[in-house]
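# Residue-level structural notes
Here are the chains, one letter per residue:
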Amino acid sequence: MRLTRIRAVQLVAAGVLVIAGGCSATPSGGASVNTSELSGDSGVEASPDPNTNAGLSDKRAVSQECNSMDDLLEQALSELDSGKEFITASKAWDEADNANEFDRVASELQGAWLNFVGDFWDAYQSEFDVLAAADKQARSAYDAMKDYVGLAPSFYAGEIPQFDDPEAMEKIAAGEDVDVNPEFTHASERLSDDVAAISICLPTWPVMF
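## Notes on the overall build of the protein chain
In terms of helices and strands, the protein chain carries seven helices and three strands. Sequence-ordered secondary structure for the protein chain, helices as α and strands as β, is α-β-β-α-α-α-α-α-β-α. Buried positions account for 45% of the 209 residues belonging to the protein chain. Across the protein chain, every contact between residues at least 6 apart in sequence was considered, and the portion connecting residues at least 24 apart equals 73%. By element, 49% of the accessible surface of the protein chain is carried by carbon and sulfur atoms, the whole surface being about 10500 Å².

Here it is in structure tokens:
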């Protein structure tokens, strides 16, 4: 079963989305929130295409080893309890019809995904390691997934603050530009790179996670 209707979620704690849509380089090489680009909400809209990975969801992966890894992901989503919980949460996201409900369901969906990823990695890491040994693209995905599993839970839990300035939100509300914590920027870029490498090999992987 190929899962093609896991909607990309507007992550509640995903500051990487803020950086992607509302930051610019500073002369010091860091990043700052450009308040002129911020709207009343996060500025991120749910994709009109509900496919897991638009443009890839109906295609096979780039190698046989990646195909096998993607099949394991589909199997885990269907068989692991945490995978079933994520599918249930994704359906609730599809059915949400107002801003408050979107925020609540998005938070639940993110938590369900992180729970699943940990279980998935524990259950299938050894099989992935064997597949990755035979294919360069599979190895890249394996390494990226290992990094993602180690970093994503703390990042999305807010353990890496987006701003060092405790008055950052007040300054943003007042129209001031605020520097983003470089550690936060680095972590968000790592996760973005990890997801890019994973989704090439495993097209079932939800691209917004």
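Picking up where we left off.
## Some points on the packing of helix α3 (residues 81-95) against helix α4 (residues 99-132)
Interaxial distance between α3 and α4 falls to 8 Å at its minimum, and their mutual angle equals 160 degrees. Accordingly, the angle class assigned to the pair α3 and α4 is roughly antiparallel. For the pair α3 and α4, the crossing hand works out as left-handed. In this structure, α3 contributes Ser82, Gly83, Glu85, Phe86, Ala89, Ser90, Ala92 and Trp93 to the contact, and α4 contributes Phe102, Val105, Ala106, Leu109, Ala112, Trp113, Asn115, Phe116 and Asp119.

## Thoughts on the environment of Gln125
By secondary structure assignment, the location of Gln125 is in helix α4. A relative accessible area of 28% places Gln125 in the partly exposed class. Residues Gln125 and Met145 lie 20 residues apart in sequence; the distance between their C-alpha atoms is 9.5 Å. Leave out the neighbours within four places in its chain, and Gln125 touches Phe120 and Tyr142. In this structure the side chain of Gln125 is engaged in a polar contact, spanning 3.3 Å, whose partner is the side chain of Tyr142.

## Comments concerning the pattern of salt bridges
The full count for this structure, using the stated rule, is five salt bridges. For the salt bridge of Asp129 with Arg139, the shortest nitrogen-to-oxygen distance reads 3.2 Å. A residue pair is termed long-range when its members are at least 10 positions apart, and Asp129 in helix α4 and Arg139 in helix α5 (residues 136-156) qualify at 10 residues. On the accessibility criterion, Asp129 (34% relative accessible area) is partly exposed. Since its relative accessible area comes to 26%, Arg139 is described here as partly exposed. In this structure, the salt-bridge partner of Lys171 is Asp165, at a minimum N-O distance of 2.5 Å. Taking relative accessible area as the criterion, Lys171 reaches 26% and is therefore assigned partly exposed. Residue Asp165 is classed as partly exposed on the basis of its relative accessible area, which comes to 24%.

## Details of the nonpolar core
In terms of nonpolar packing, the biggest core is built from 51 residues, with Phe120, Phe128, Met145, Tyr148, Leu202 and Trp205 touching the most fellow members. With 14 residues, the single largest contributor to this core is α4.

Calculation criteria
- Residues numbered from 1 in each chain as written.
- Predicted model: local features only at pLDDT ≥ 70, side-chain atom pairs only at ≥ 80, totals over all residues.
- Heavy atoms only, no water.
- Helix = DSSP H or I, 4+ residues; strand = E, 2+ residues; numbered from the N terminus.
- Buried < 20%, exposed > 50% of the residue type's maximum accessible area, 1.4 Å probe, protein only.
- Contact = heavy atoms within 4.5 Å.
- Areas by Shrake-Rupley, 256 points an atom, 1.4 Å probe, with all protein chains shown as cover.
- Axes fitted to C-alpha atoms, helices over the stretch in contact; angles between N-to-C directions.
- Parallel < 35°, antiparallel > 145°, perpendicular 65-115°, else oblique.
- Left-handed = near helix turned anticlockwise from the far one by under 90°.
- Polar contact = N/O pair within 3.5 Å; in protein donor to acceptor, adjacent residues only side chain to side chain.
- Salt bridge = Lys/Arg side-chain N within 4 Å of Asp/Glu carboxyl O.
- Core = buried A, V, L, I, M, F, W, Y, C linked by side-chain atoms within 4.5 Å.

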